[in-house]
Every structure is written in structure tokens, then in C-alpha cells.
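# Architecture and fold: a report
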Amino acid sequence: MLSKYNFSMDIGIIGAGASGIFAALTAARSGAHVTLFDHNAEIGKKLLVTGSGRCNLTNAALSPEKYSCADQSWMQAFLQAFPLQALLAELDALGIPTHHSDDGWYYPLSDSAHSVVDILRQALLARGVELRLSTQVVDYWQQGRGFVVRFPSGEPARTQSFDRLVVAAGGKAYPALGSRGELFPTLARLGHTVVPLVPALGPLTLSLGAWKALQGLRFDVKTGIWAGDELLGESFGNLIFTAWGMNGPGVMNLSHLAARQPGEKLSLSLDFGAVFGQEWERRLAKDNPTALKAVLEAFFPPKAAEFFLAQARIPPEARMRELSRAQAQQLSSILREARLPITGTKGFGQSQVSAGGVPVGEVDARTCQSRLVPGLYLVGETLDVVGPCGGFNLHFAFGSGCLAGRHLASLSAG
Ligand SMILES: Cc1cc2nc3c(=O)[nH]c(=O)nc-3n(C[C@H](O)[C@H](O)[C@H](O)COP(=O)(O)OP(=O)(O)OC[C@H]3O[C@@H](n4cnc5c(N)ncnc54)[C@H](O)[C@@H]3O)c2cc1C
């Protein structure tokens, strides 16, 4: 067996999610011996549920400012080292062709996360990566110029030594799929900063009051999160009203801002008109002779049109030119400046990613090697990076794994 590969370096990777799989695939290219640990019985368990089973791989609109992290120049260097084309080329070489929606969201041509994970599994095996599944790593430490990993596989617990170690164990989001954050204390012990983890890309709970009437309706809305008069962040996207608050990209993209301010009085602003631009202004002009309800129904479901008018205390048959200045202002403020009190998030269990972890400045943007612990690489959600919905987080996970793997391959070959 060993003669088939020219093993020059022993590399351990903790976590067989998006980032760990890509680190393993690229590191193994030069013939290094790569061992990939995961406490799940299969690789890529979270990948299987991404994009509602379609796996939204990346996005045409990648740019540093789309990501929330401590250092935008780090993110710029990262995206220069691993741009969109780099991921598409890697995927294509693996046999995963892609296509994208009009708004630039990339998916596998198969539209199947299962087919992606299946191809990745076969590629790992073909490159000689040793899969150590159903194996939870409980600790690791430095020894000489390498690392020792401890995993309780029966009694007594076993250890294994590696020349280099990649931590790809994810954050705390969706713990049922394997990532629970239990290895962050080890990173702190090694000297890394660990920013407290909070849920991100999840639903928001709100004090809806009368707005509960919109339950079940979807809107494309410009949203903002406010602490008093201070705007913490803005987004634009689709959202759905529920019995307890809102879900969908329009609020998910901002939810980490709410999670980071527990106890603060926060509110969510909603601008229902932003999406329609000048068309909206034209239709709501003073001289439009059509009844207001009919005008609003051109933009919203009838239930919503009725609700907005009732909130503004305007009879449904009223026309724009019949409104008093106060009524017109009231309608405009409900449609464009509504504010609802935020009560919280739905926690890690319903979040797609977590914010927090190791700040990006503590690893090299082109290799993801720790600046504090030589030979240790931190990738994916272990780092404190959050992108919006649309493939940005998988791009970061694949890319950081790939950059670490490429660096390890270059060391191994040299
Ligand atoms: C429902 C859902 C839908 C999503 N959809 C999208 C999408 O369409 N597009 C997008 O860009 N992003 C999406 N995401 C986010 C994306 O899945 C994550 O950004 C990405 O998976 C992070 O990859 P990772 O490798 O850092 O972590 P993970 O994928 O979480 O992988 C970490 C792995 O490490 C293992 N592990 C953890 N601790 C240990 C340990 N101690 N010992 C052994 N193994 C361990 C875990 O079992 C896990 O397999 C979605 C997330 C969810 C939950």
C-alpha cells in the first residue's frame, strides 16, 4: 500500500466539512500522507443540506466588503489568492461543472449536493487520503516541530503524531450536523484569540404586534438593524413573516449583529419601496387617479395592501390626491420606515453559520497558516468570517481549505 504514494509529510486534518475536504484534496496532491478526522460517520454532512440540497457553491459578486471580519485588507488578500475562477477551476477539475442564476449564485450543474459530496468522497479516496470517520478529536498539542492529536477510540484514548495540523472543525452552527465548537479552548490554550461565538445567518425573533397579520407573506425588502439611532448594518433581500418574527436572507444577513448585542434595545427597519425604485415613486404620485389599494396591489399581495392602508388609517378606496399631508406621510413612513423591536435570534440550532472564532489577522491570508503556532493551519468557520447568503460562506470554506492544502503540498513536494 505505502509504495503507491510517496509519503513525505504526515498531515492531520480535523473536520471533513467543506474546508477540511478541500484542504485534504489539495494537500494530498504532492504525495503527502493526509489523515482526515470527523466524528460524523460520513464526510460533508453539512454540505448535503446547503442551498436546500442544491449546494450554493459560490457567488459572482465576491468582494471583501461582502464579508464581516476584523480586517477587510486581509479579506482582499484572501480573495486575490482565491478568487471565483480559482474555485470554479478546482471544481471543474474534480468533475463538478457549475451553472449560475441571473443574480450570480453558483450551483453544481447537477443541482445536487449529494452528487457533490459523492464526487468529493471518491476524489479523497483516489488521492490516498486516509478517512478516520466516527472519530472525535478531543485534544491536540504541539510536540517538537509537530503535533499530537488525541481521539478516544476505545479505551485508553489513542494519540497520533503529525508534522502539520489543519483545524477545519467548523463553528457552532447547526450542531446536529457535527460542529459544536469543542476545540476552541485548545486554540485559546495555544495562544490564539477566540472571539465569542454567536449565531449568524439565522432567523430574527421580533415583537410583531399588529404586523403578525402578514404571517406567511414574502417581500423583497431593504432592512437595517438599529441600536437606538445608530445603524449597525443594512441588507437587501427576501424575507418571510412568521408567527414569531422573520426568516429569509433579508434578515439572516444581519442576524449576527443582533446576536452580538444581547440586552441592547435593537430594532429592525423595513423599506418595502426600495426594490421598486422610481416606478414606485411614479405610481404613488399625487396625480394617480387609481384607488390606493389597487396601486398597492400592483406591488404587494392584497392582504399586505389592506394591512398597510389599515395601519395608516386610510380607507381602501381613497386616492392619492384625496390624502391629507399627514395621511400621505403616515403611509410613506409605514411603507418605507417601519421599525419593529428585535427580541433575539433562534440560536445556533437554526443558524447556517456562526460568527466569532479566531480573528483573520492571526493567520496568513495566502496560506491560512497560524502566525502564532508554526505548522498549524486554521480554515473555514474556525476563523471569524461571516458572508451573506448566496454561496459566500462555502467559497470561504473551500478557498481557505484549498490555500492551506496548496501550501502544505508545496512544502511536502519541496
Ligand atoms: C442549513 C444550512 C444551509 C447552508 N447553505 C449554504 C449555501 O447554500 N451556501 C453557502 O455558502 N453556505 C451555506 N451554509 C454554510 C456552510 O455550510 C458553511 O459555511 C460551511 O459548511 C463551513 O465549512 P467548515 O468546513 O468550516 O465547517 P463544517 O462544514 O461545519 O465542517 C466541520 C466538520 O468538522 C467536524 N468536527 C467538528 N469538531 C470535531 C471534532 N472534535 N472531531 C472530529 N470532527 C469534528 C464536524 O463533524 C464537521 O463535519 C449552510 C449551512 C447550513 C447549516
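Computed from a prediction, not measured in an experiment: that's the story for all the values here.

## So, the overall build of the protein
Counting secondary structure elements, the protein contains twelve helices and 19 strands. Here the C-alpha coordinates of the protein stretch approximately 85 × 45 × 40 Å along the principal axes. Burial status across the protein gives 43% buried among its 414 residues.

## As for the site of the ligand
Residues in contact with the ligand amount to 37 residues; listed here are only the nearest, Gly15, Gly17, Gly170, Gly178 and Gly380. Broken down by secondary-structure element, the contributors of at least two residues to the shell around the ligand are helix 1 (18-27) and helix 12 (392-413).

## Section: the sheet that holds strand 1 (residues 10-14)
An order of 6-2-1-10-19 is seen for the five strands of this open sheet, with the pairing classed as parallel. One side of each edge strand has no neighbouring strand; the edge strands of this open sheet are strand 6 (130-132) and strand 19 (376-378). The mean inter-strand angle of the sheet, taken between neighbouring strand axes irrespective of direction, is 20°. Two elements, strand 1 and strand 10 (residues 164-167), share four bridges in a ladder whose sense is parallel. Within strand 10, the position partnered with Ile14 by the bridge is Val167.

## A word on the nonpolar core
Formed by 111 residues in total, the largest nonpolar core has its most connected members in Ile13, Ala24, Val166 and Val167. Two domains each donate at least three residues to this core, and these are domain 1 (2-198 + 349-413) and domain 2 (204-345). Not counting the four nearest positions on each side in its chain, Val166 is found in contact with Ile11, Ile13, Gly20, Ala23, Tyr377, Val379 and Ala404.

## Let's talk about the environment of Lys212
Tracing the chain through its elements places Lys212 in the loop between strand 12 (204-206) and strand 13 (218-227). Here Lys212 falls in the partly exposed class, since 14 other C-beta atoms lie within 10 Å of it.

## What to know about the domain arrangement of the protein
For an interface, size is often stated in terms of accessible area lost upon the parts coming together. Here the protein is partitioned into domain 1 (2-198 + 349-413) and domain 2 (204-345). Distance between the C-alpha centres of domain 1 and domain 2: 39 Å. Listed per partner, the contact involves six residues of domain 1 and seven residues of domain 2.

## Topic: unusual backbone geometry
Here Asp111, not a glycine, exhibits a phi torsion of approximately 55°, which is positive. Its place among the elements puts Asp111 in the loop between strand 5 (105-108) and helix 4 (113-126). At Arg313, a residue that is not glycine, the phi angle is positive and equals roughly 55°. Here Arg313 is to be found in the loop between helix 10 (302-311) and helix 11 (325-336).

## Concerning the environment of Lys286
Within the secondary structure, Lys286 is located in the loop between helix 8 (277-283) and helix 9 (292-297). Look at Lys286 and you get exposed, because 9 C-beta atoms sit within 10 Å. Sequence spacing of Lys286 and Ala328 is 42 residues, and the spatial spacing of their C-alpha atoms is 9.4 Å. Those residues in contact with Lys286 that lie beyond four places of it in its chain are Met320 and Arg321.

## Regarding the pairing of strand 16 (residues 266-271)
Residue alternation in strand 16 divides its side chains into a buried set, Leu266, Leu268 and Leu270, and an unburied set, Ser267, Ser269 and Asp271. Two strands pair when backbone bridges link them, and strand 13 and strand 16 are joined in this way by six bridges, in the antiparallel orientation. The partner of Trp226 across the bridge, within strand 16, is Ser267. Across five bridges, strand 16 lies against strand 17 (residues 338-345) in antiparallel orientation. Residue pairing for strand 17: Ser269 is matched across the bridge by Arg339.

## Here we look at the packing of helix 1 against helix 12
For the pair helix 1 and helix 12, interaxial distance at closest approach is 7 Å and the crossing angle is 30°. Classified by the interaxial angle, the pair formed by helix 1 and helix 12 is roughly parallel. Classified by chirality, the crossing of helix 12 by helix 1 is right-handed. Taking contact as the criterion, the partners of Ala18, Ser19, Gly20, Ile21, Phe22, Ala23, Ala24, Leu25, Thr26 and Ala27 in helix 1 are, on helix 12, Leu394, Ala397, Phe398, Ser400, Gly401, Cys402, Ala404, Gly405, Arg406, Leu408 and Ala409. Looking at the contact of helix 1 with helix 12 residue by residue, the class counts come to 14 nonpolar, six polar and one charged.

## Topic: the sheet that holds strand 3 (residues 58-59)
Spatial ordering of the open sheet is given by 3-5-4, a layout of three strands whose pairing is antiparallel. Strand pairing shows two members of the sheet lacking a second neighbour, strand 3 and strand 4 (98-100), which therefore form its edges. Bridge count for strand 4 against strand 5 is three bridges, and the pairing is antiparallel. Bridge pairing in strand 5 links His99 to Tyr107.

## Observations concerning helix 2 (residues 72-81)
Residues Trp74, Met75, Phe78 and Leu79 constitute the buried set of helix 2. Seen end-on, helix 2 carries its buried residues on one side only, within an arc spanning 130°. Turned more than 90 degrees from where helix 2 packs its buried face, Ser73 and Gln80 sit exposed. Where helix 2 is buried, its residues touch helix 12.

Rules used throughout
- Residues numbered from 1 in each chain as written.
- Predicted model: local features only at pLDDT ≥ 70, side-chain atom pairs only at ≥ 80, totals over all residues.
- Helix = DSSP H or I, 4+ residues; strand = E, 2+ residues; numbered from the N terminus.
- Buried ≥ 20, exposed ≤ 12 C-beta atoms within 10 Å, placed from the backbone.
- Near = placed C-beta within 6 Å.
- Pairing = 2+ DSSP bridges.
- Axes fitted to C-alpha atoms, helices over the stretch in contact; angles between N-to-C directions.
- Core = buried A, V, L, I, M, F, W, Y, C linked by C-beta atoms within 7 Å.
- Domains from an automatic or database assignment.
- Contact = placed C-beta atoms within 7 Å.
- Parallel < 35°, antiparallel > 145°, perpendicular 65-115°, else oblique.
- Left-handed = near helix turned anticlockwise from the far one by under 90°.
- Nonpolar A, V, L, I, M, F, W, Y, C, P; charged D, E, K, R; others polar.
- Arc of directions from axis to C-beta.

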